[in-house]
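# Structural description and commentary
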Amino acid sequence: MSWPSRPTTDPVGEDTTGPPTTRHGLAPETLSPGDDELLEFMYNFLPEPPVSTFASLCCAADEDNTDRISRLPDDLLRLVVSVLPAKDGARTTALSSRWRGLWHSVPLSLVDTHFLPWGYAGVRPARAGATARAVTDAISAALEAHPGPFLASLTCSFLDGADRPVLARWFQLFATKGVYVLIFVNRPWHVPGLRLPSSLFSCASLRKLWIGAWVFPDTTTLPRGAGFPNLRELVLGCAVMEDKDLEFVLAVSPVLEILAISGSQTLLRARLANPSLRCAQFCLSILEEVAVLDAPSLERLFFWQKRTVAKMSTTVKIGHAPKLRLLGYLEPGVHTLQIGDTVIKAGTKASTSSTVSSVQMLALHLQFGVRNEVKMLPSFLRCFPSVETLIVQSQETLEPTSKLSVKFWKDTVPIECVQSHLKTLYFRELQGTRNEFKFLTFISENAQKLERMYVVMKNGLSHTAREVMVAKLIALRPALAAI
């Protein structure tokens, strides 16, 4: 078997690197602060490889030097080989004739960080260069040498236009030999970069797919029958894709359960229609719309976005989702909420056509210093009459607007979830404003089934400010005790 040896010297040239200060390990001078944040988020949530190079092994002393391991049944020996890093697994073929065929008879866990020079395991190259190229060559050799199937974690390579033949060959091998799990992150930045080959959709054995910093294949050119019949988890990080591509993936993934999109590099209208989807998550992405059209199995719909001064509105539409239990973070004033055909506005009355009674945990993120956001808060709460756990994150208001009426919360029409179902309130990042305490007072006086209220003050408050806020919170106790 021809296999490039692991580089034995420190990386030199363009990819020289020291101890990483970030998980992604890219040269900091090549990134803007926003890019750095997106990449750090993506790399922080990459799954841990299924095998490790850091396991400690020891050999028990045996006076007669008997090879007892080779006497184990083949099934146990295959299990041993299957948990070895690819390089070490390949070496077992040289132990004896008994071991020779075992490596080829088990799925190969192929982790490209294991091919980095000694002492650099897990430290991805900061730039394209000799080390990154050696790792890419080693992956090519491993894919050619092993019959598959594969569990592959490839996060070190800097692939550009000149590497299209390499990329095409890799996916040809994945498709013909089989790949169960594929974590595939490209290193060049900025995107858009290299487009993934359409043969990705020929990898019918895929169960989990994580894609980072790639341009998604053009789904309009795919042959009939292309798809992911076994895919259960799809994660797209810092990817470039169009609305039609996401709709296509959902349509050809009949058992998909988890969809996560972070750092989307294009304005996206996500229209969710899938019979098996249980969890959808959108983080740090540019979203025009997220529409739950027909998702009978959907249980969790999660959004997370850092607030900026200038932020585009996102429409969140909830159609057929009878099992939806967890929803958030919704942002009054930023998200336009539509339930069925009803667009929720300040003062919208609750009705069967404008409520989602299945939701039991709701998370909201708003600026209590912005009048329109606070005015939308009761309307959002009325849409979810069965909420038992409410999470509210307060955002510092940089540009306060006109104040609410002192009687705003006293004049608020009763809210069913607050009066009849709310058991737990988490209030995070308390700023200490009047509007925040008016809301907390409203909850403490009206939540008849409230059992727990957790309030976390924002960091950086002076000792005096904290004492004042604690005193105000203590003042809520009589109302809580009376419930």
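Refer to the preceding data block for the structure.
Owing to the predicted nature of the structure, the values given are computational and were not obtained by experimental measurement. (Residues numbered from 1 in each chain as written. Predicted model: local features only at pLDDT ≥ 70, side-chain atom pairs only at ≥ 80, totals over all residues. Heavy atoms only, no water.)

## Topic: the overall build of the protein
Here is the rule we go by: By the criteria applied, helices consist of DSSP H or I runs no shorter than four residues and strands consist of E runs no shorter than two, each listed in order from the N terminus. Only protein chains enter the area calculation, which uses a 1.4 Å probe; residues under 20% of their type maximum are buried, those over 50% are exposed, and those in between are partly exposed. Every residue pair with non-hydrogen atoms within 4.5 Å of one another is taken to be in contact. Accessibility throughout is a Shrake-Rupley quantity obtained with a 1.4 Å probe, and a residue counts as covered only by protein chains that appear here.
The helix and strand tally for the protein stands at 11 helices and 18 strands. Each of the 483 residues in the protein was classed as buried or not, and the buried ones make up 48%. Nonlocal contacts in the protein, meaning residues at least 24 apart in sequence, comprise 71% of its contacts between residues at least 6 apart. Carbon and sulfur atoms provide 54% of the accessible area of the protein, an area that totals close to 22,900 Å².

## Focus: the sheet that holds strand 7 (residues 268-273)
Put simply, the test is: We treat two strands as partners when DSSP finds at least two bridges between them.
On the basis of which strands lie adjacent, the open sheet formed by five strands has the order 7-9-11-13-14 and mixed pairing. Single-partner strands in this sheet number two, and they are strand 7 and strand 14 (342-343).

## Notes on helix 6 (residues 243-251)
At 3.6 residues per turn, the α-helix brings residues three or four places apart onto the same side. Applied cut-off: This arc corresponds to the set of directions leading from the helix axis out to the C-beta atoms.
Buried within helix 6 are the following residues: D245, L246, V249 and L250. Viewed end-on, helix 6 has its buried residues packed into an arc of 135°, placing them on one side of the element. At its buried positions, helix 6 is contacted by strand 5 (233-237), strand 6 (258-262) and strand 7.

## Observations regarding the packing of helix 4 (residues 130-145) against helix 5 (residues 164-177)
Rule in force here: Lines fitted to C-alpha atoms define the axes, with helix axes restricted to the stretch in contact, and inter-axis angles between N-to-C directions lie between 0 and 180 degrees. Here roughly perpendicular refers to angles of 65 to 115 degrees, roughly parallel to angles under 35, roughly antiparallel to angles over 145, and oblique to all remaining angles. In a left-handed crossing the near helix is turned counterclockwise from the far helix by less than a right angle, and in a right-handed crossing that turn is clockwise.
It is the contact of helix 4 with helix 5, at a shortest axis distance of 10 Å, that shows an interaxial angle of 30°. Taken together, the axes of helix 4 and helix 5 lie roughly parallel to each other. You can see that helix 4 and helix 5 cross each other, and the crossing is left-handed. Touching T136, I139, S140, L143, E144 and A145 of helix 4 are V166, R169, W170, L173, F174 and K177, all from helix 5.

## Some words on the pattern of salt bridges
The condition is simple: The salt bridge definition used is simple: a Lys or Arg side-chain nitrogen within 4 Å of an Asp or Glu carboxyl oxygen.
Across all of its chains, the model carries 14 salt bridges by this definition. With a shortest N-O distance of 3.1 Å, K317 and E289 are connected by a salt bridge. Taken together, the residues span a long stretch of sequence, with K317 in strand 11 (residues 314-320) and E289 in strand 9 (residues 287-294) at a distance of 28 residues. Taking relative accessible area as the criterion, E289 reaches 6% and is therefore assigned buried.

## Some remarks on the packing of aromatic side chains
Heads up, the condition is: By convention, a stacked pair of Phe, Tyr or Trp rings (six-membered ring in the case of Trp) has centres within 6.5 Å and planes under 30 degrees apart, an edge-to-face pair has planes over 60 apart, and any other such pair is tilted. Criterion for a charge above a ring: Lys NZ or Arg CZ within 6 Å of the ring centre, and within 35 degrees of the ring normal.
Under the defined criterion, the tally for this structure stands at 19 aromatic pairs. Members of the aromatic cluster, connected to one another through ring pairs, are F150, W170, F171, F174, F184 and W214. It is R207 that lies over the ring of Y180; its NZ or CZ is 4.2 Å from the centre.

## Notes on empty space enclosed by the protein
Summary: where empty space remains is shown by rolling a probe the size of a single water molecule over the atoms. Cut-off, in case you're wondering: We place a 1 Å grid over just the protein atoms. Points where a 1.4 Å probe fits but has no way out form a cavity, open points with protein on both sides within 12 Å along at least 5 of 7 lines form a pocket, and any residue with an atom within 4 Å of a point lines it. Grid points are joined across faces, edges and corners, and a volume is the space filled by probe spheres set on the points. Lys, Arg, Asp and Glu make up the charged group, whereas Ala, Val, Leu, Ile, Met, Phe, Trp, Tyr, Cys and Pro make up the nonpolar group; the residues left over, Gly among them, are polar.
Counted according to the given criterion, the structure contains four cavities of 30 Å³ or more. What the largest cavity holds in volume is close to 60 Å³. Lining the largest cavity are L404, S405, V406, F408, W409, R434, N435 and K438. Considering only residue class, the lining of the largest cavity consists of four nonpolar, two polar and two charged.

## Considerations on the side chain of S444
The line we're drawing: Nitrogen and oxygen atoms within 3.5 Å of one another constitute a polar contact, given that in protein one can donate a hydrogen and the other can accept it, and given that sequence-neighbouring residues count only through two side-chain atoms.
Assignment of secondary structure puts S444 in helix 9 (residues 434-446). Looking at S444, the relative accessible area reads 0%, which means it is buried. Polar side-chain contacts of S444 include one of 2.9 Å to the backbone oxygen of T441.

## Some remarks on the pairing of strand 9
Bridge count between strand 7 and strand 9: six bridges; the pairing is parallel. By the bridge assignment, R271 is partnered in strand 9 with A291. Bridge count for strand 9 against strand 11 is five bridges, and the pairing is parallel. By the bridge assignment, E289 is partnered in strand 11 with T315.

## Focus on a nonpolar patch on the surface
Put simply, the rule reads: Within this analysis, patches are made of residues with over 30% relative accessible area and no salt bridge. Like charges are joined at 9 Å or less; nonpolar side chains (Val, Leu, Ile, Met, Phe, Trp, Tyr) at 5 Å or less.
Judged by side-chain polarity, I69, L72, L76, L79 and V83 come together as a nonpolar surface patch covering roughly 430 Å² of accessible area. The topology assignment puts L76 in helix 2 (residues 74-82). Residue class for L76 comes out partly exposed when judged on its relative accessible area of 42%.

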